Amino acid sequence: MVLEGNPEVGSPRTSDLQHRGNKGSCVLSSPGEDARPGEEPIKYGELIVLGYNGCLASGDKGRRRSRLALSRRPHANGVKPDVMHHISTPLVSKALSNRGQHSISYTLSRSHSVIVEYTHDSDTDMFQIGRSTENMIDFVVTDTSPGGGAAEGPSAQSTISRYACRILCDRRPPYTARIYAAGFDASSNIFLGERAAKWRTPDGLMDGLTTNGVLVMHPAGGFSEDSAPGVWREISVCGNVYTLRDSRSAQQRGKLVENESNVLQDGSLIDLCGATLLWRTPAGLLRAPTLKQLEAQRQEANAARPQCPVGLSTLAFPSPARGRTAPDKQQPWVYVRCGHVHGYHGWGCRRERGPQERECPLCRLVGPYVPLWLGQEAGLCLDPGPPSHAFAPCGHVCSEKTARYWAQTPLPHGTHAFHAACPFCGAWLTGEHGCVRLIFQGPLD
């Protein structure tokens, strides 16, 4: 066995980006070391899983939920790279595996491995995300299927890694959050096998990618009314930024993007190959509409007493407390090609084109005819504008700027495809624009 300490492991670029490890679970309400009793802990930000509209179908429980706040821990649990070892046989690496020592193992061949040991870092907190329900995972994420459901059951094979990624947050202002591919397992290790993409960097250090990769997109102009989608990149195990591989699990890495970093911004999207997460900063959440505002908009829309232009019945958006069950008698429905809002009716079916295809009695356009549901996950909204637009074909309603932003944001799908989707339910968007302006008719009196 050959063990070599590498003095270059603490080089400025890598020690800055190849941060920190984790032990323990996510702390949501315990005050930090500087907080006084009764004070709220410092919040680093919140993660929101796209496709659930405020709550998992089976309900938010513990670490398995649609939204999670990352707050400052009572005690720092970060780690940082310390020593690099070259080992002649991977079997000897077990000698370095103990729960008190974090490490990343790069298997180069059957007779050669490189192990980077990590040491405690008192300046950072770490939070781990993945499919595993083990205690070291702070946010348990399962595959999201279009329509707002989770792929559950033994026959559903997940593409999300058990230890997908980790987020490192500085414990001091400005509380910068950085993302890294892969998370430490129950033995406090990250293993990159022979088939994993890995390489030696120009400064003699190691880096690599996970099997299905961790992709990140930072919006241009922040997450606000003037936002525009950014460019999808891949994040390495050491937090470096690369262009996308030819396919999701290709062994050849993309090109290093030196002028971009792994620092999360308000509105950054994180794709784990099966689920996409939105990062919101505390400052960004202050600009987002509140649940009270969304409820006030619902009541205001109902107070206008919109009517079905044919049946002349009064329409009303249902209370979010009722959930997305079967539509009631007052539920507004929309022809998603033209935007004309009606009450439910049974005529105009075009069965030769599908059970949802109807002909609008006002403009004669034929297309899907679906019930309207208000978007209830406020963190997905760019502004507190009125609910004027609906996604096609699912019928989720939000403001115009929110609808247009998500309709032009391509989300990763499969090994190399991208497709815009409704952020509230995950349904793929269709039509020329992916959304439609709603046309209501007011009461005749």
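Counting of residues starts from 1 at the beginning of each chain's written sequence and follows it residue by residue. Per-residue local features of the predicted model are confined to residues with pLDDT of at least 70, and side-chain atom pairs are confined, for both listing and counting, to 80 or more; whole-chain, interface and lining totals are unaffected and use all residues. Excluded from the side-chain calculation are hydrogens and water; included are all heavy atoms of the structure.

S.K.: Honestly, a nonpolar patch on the surface in this entry has me stumped. Any pointers?
M.R.: On the surface, V310, W347 and L362 cluster together into a nonpolar patch covering about 270 Å² of accessible area. Helix and strand definitions here come from DSSP, where helices need a minimum of 4 consecutive H or I residues and strands a minimum of 2 consecutive E residues; each element is numbered from the N-terminal end. Within the secondary structure, V310 is located in the loop between α3 (291-303) and β20 (333-335). The rule is simple: take the accessible area with a 1.4 Å probe, protein chains only, and divide by the maximum for that residue type; under 20% is buried, over 50% is exposed, in between is partly exposed. A relative accessible area of 35% places V310 in the partly exposed class. Two distance rules govern patches: like charges are joined within 9 Å, and nonpolar side chains (Val, Leu, Ile, Met, Phe, Trp, Tyr) within 5 Å, applied only to residues with over 30% relative accessible area and no salt bridge. All accessible-area figures derive from a Shrake-Rupley calculation using a 1.4 Å probe, and residue coverage is judged against the displayed protein chains alone. Criterion for a salt bridge: a side-chain nitrogen of Lys or Arg within 4 Å of a carboxyl oxygen of Asp or Glu.

S.K.: Explanation requested: the packing of aromatic side chains in the structure shown.
M.R.: To describe a pair of aromatic rings, one takes the distance between the centres and the angle between the planes. Working definition: rings of Phe, Tyr and Trp (its six-membered ring) pair if their centres are within 6.5 Å, and the pair is stacked with planes under 30 degrees apart, edge-to-face with planes over 60 apart, and tilted otherwise. For the structure shown, the criterion picks out 14 aromatic pairs. On the numbers, 6.5 Å between centres and 40° between planes, the contact of W232 with F418 is tilted. Taken together, the residues span a long stretch of sequence, with W232 in strand β16 (residues 232-235) and F418 in strand β28 (residues 417-419) at a distance of 186 residues. Overall, the relative accessible area of 6% leaves W232 in the buried class. Both rings, one in W333 and one in Y344, keep their centres 4.7 Å apart while their planes meet at 55°; by these two values the pair is tilted. Residue W333 is located in strand β20, and its partner Y344 is located in the loop between β21 (341-342) and β22 (357-359); the two are separated by eleven residues in the primary sequence. Here W333 falls in the buried class, since its relative accessible area comes to 12%. Either the NZ atom of lysine or the CZ atom of arginine qualifies as a charge over a ring when it sits within 6 Å of the ring centre and within 35 degrees of the ring normal. Here the guanidinium or amino end of R253 rests over the ring plane of W199, the centre of that ring lying 4.5 Å away.

S.K.: Please clarify how the nonpolar core should be interpreted in this entry.
M.R.: Nonpolar side chains in soluble globular proteins tend to end up buried together. Grouping buried Ala, Val, Leu, Ile, Met, Phe, Trp, Tyr and Cys residues that are joined through side-chain atoms within 4.5 Å yields what is termed a nonpolar core. If you look at the biggest cluster of nonpolar residues, it comprises 49 residues, and the most contacted ones within it are I167, I270 and L277. Membership of the second largest hydrophobic core comes to 27 residues, among which are M217, C381, L382 and C435.

S.K.: So what exactly am I meant to see when it comes to the environment of P368 here?
M.R.: Looking at the element boundaries, P368 is found in strand β23 (residues 366-371). Judged by relative accessible area, P368 falls into the buried class, the value being 17%. In this structure, the C-alpha to C-alpha distance between P368 and A392, residues 24 residues apart in sequence, is 8.4 Å.

S.K.: What am I meant to see in the sheet that holds strand β29 (residues 435-437) here?
M.R.: Within a sheet, each strand pairs with its neighbour through backbone hydrogen bonds, oriented either parallel or antiparallel. An order of β24-β26-β25-β29 is seen for the four strands of this open sheet, with the pairing classed as mixed. Strands at the two margins of the open sheet, each flanked by one partner only, are β24 (373-374) and β29. DSSP bridges decide pairing: two strands pair if at least two such bridges lie between them. Where strand β25 (residues 389-391) meets strand β26 (residues 396-398), two bridges bridge the pair, whose relative direction is antiparallel. Within β26, the position partnered with H389 by the bridge is C398. Against the sheet, helix α4 (residues 400-407) engages β25, β26 and β29, with an angle of about 30° to β25. Should any heavy atoms of two residues lie within 4.5 Å, those residues are counted as being in contact. Lines fitted to C-alpha atoms define the axes, with helix axes restricted to the stretch in contact, and inter-axis angles between N-to-C directions lie between 0 and 180 degrees.

S.K.: For this particular structure, what's the right way to read the environment of V216?
M.R.: Tracing the sequence through the fold places V216 in strand β15 (residues 214-217). Exposure remark for V216: the relative accessible area of 3% places this residue in the buried category. In the structure, V216 is positioned 56 residues away from L272 in sequence and 9.1 Å away in space, judged by C-alpha atoms. With near-sequence residues (within four places) excluded, V216 lies in contact with I179, V231, W232, R233, I235, L269 and I270.

S.K.: Teacher, can you tell me more about α4 here?
M.R.: For an α-helix the count is 3.6 residues per turn, leaving residues at separations of three or four pointing the same way. All of the buried residues in α4 are T402, A403, Y405, W406 and A407. In the core, the buried residues of α4 are packed alongside β15, β18 (269-271), β19 (276-280), β25, β26 and β29.

S.K.: So what exactly am I meant to see when it comes to the pairing of strand β4 (residues 103-109) here?
M.R.: Taken residue by residue, a regular strand's side chains alternate between the two faces of the sheet. Counting buried residues along β4, five of its seven residues qualify, which places the element largely inside the surrounding structure. With six bridges joining them, β4 and strand β5 (residues 112-121) adopt antiparallel strand pairing. Paired with Y106 across the bridge in β5 is V114. Between β4 and the antiparallel strand that follows it, β5, lie two residues. Pairing of β4 with strand β12 (residues 189-192) involves four bridges; the strand directions are parallel. By the bridge assignment, Y106 is partnered in β12 with L192.

S.K.: Quick question: what am I supposed to make of the sheet that holds strand β10 (residues 165-170) here?
M.R.: Spatial strand order, β7-β6-β10-β11: four strands in an open sheet with mixed pairing. Since the sheet does not close on itself, it has two edges, and those belong to β7 (139-140) and β11 (177-181), each with one partner. Bridge analysis of strand β6 (residues 124-130) against β10 gives six bridges, and the strand direction is antiparallel. Within the sheet, the bridge partner assigned to Q128 lies in β10 and is R166.

S.K.: Please explain the confidence of the model for the protein as it appears in this structure.
M.R.: If pLDDT is low for a region, its predicted coordinates should not be looked at in detail. Per-chain confidence: the protein averages 84 in pLDDT, with 82% of residues scoring 70 or above. Ignoring residues within four places in sequence, the model shows residues 1-33, a span with pLDDT below 50, making 126 contacts including any to other chains. Confidence of the predictor at the level of single residues is captured by pLDDT, which takes values from 0 to 100.

S.K.: Looking at this structure, how should I read the side chain of D266?
M.R.: Residue placement: D266 occurs in the loop between β17 (241-242) and β18. Accessibility expressed as a relative area gives 10% for D266, which makes it buried. Polar contact is the term for a pair of N or O atoms within 3.5 Å; when the atoms are in protein, one must be able to donate a hydrogen and the other to accept it, and sequence-neighboring residues count only if both atoms are side-chain atoms. A polar atom in the side chain of D266 sits 3.1 Å from the backbone nitrogen of T281. Beyond its immediate stretch of four places on either side in the chain, D266 contacts P219, G222, F223, W279, R280, T281, G284 and R287.

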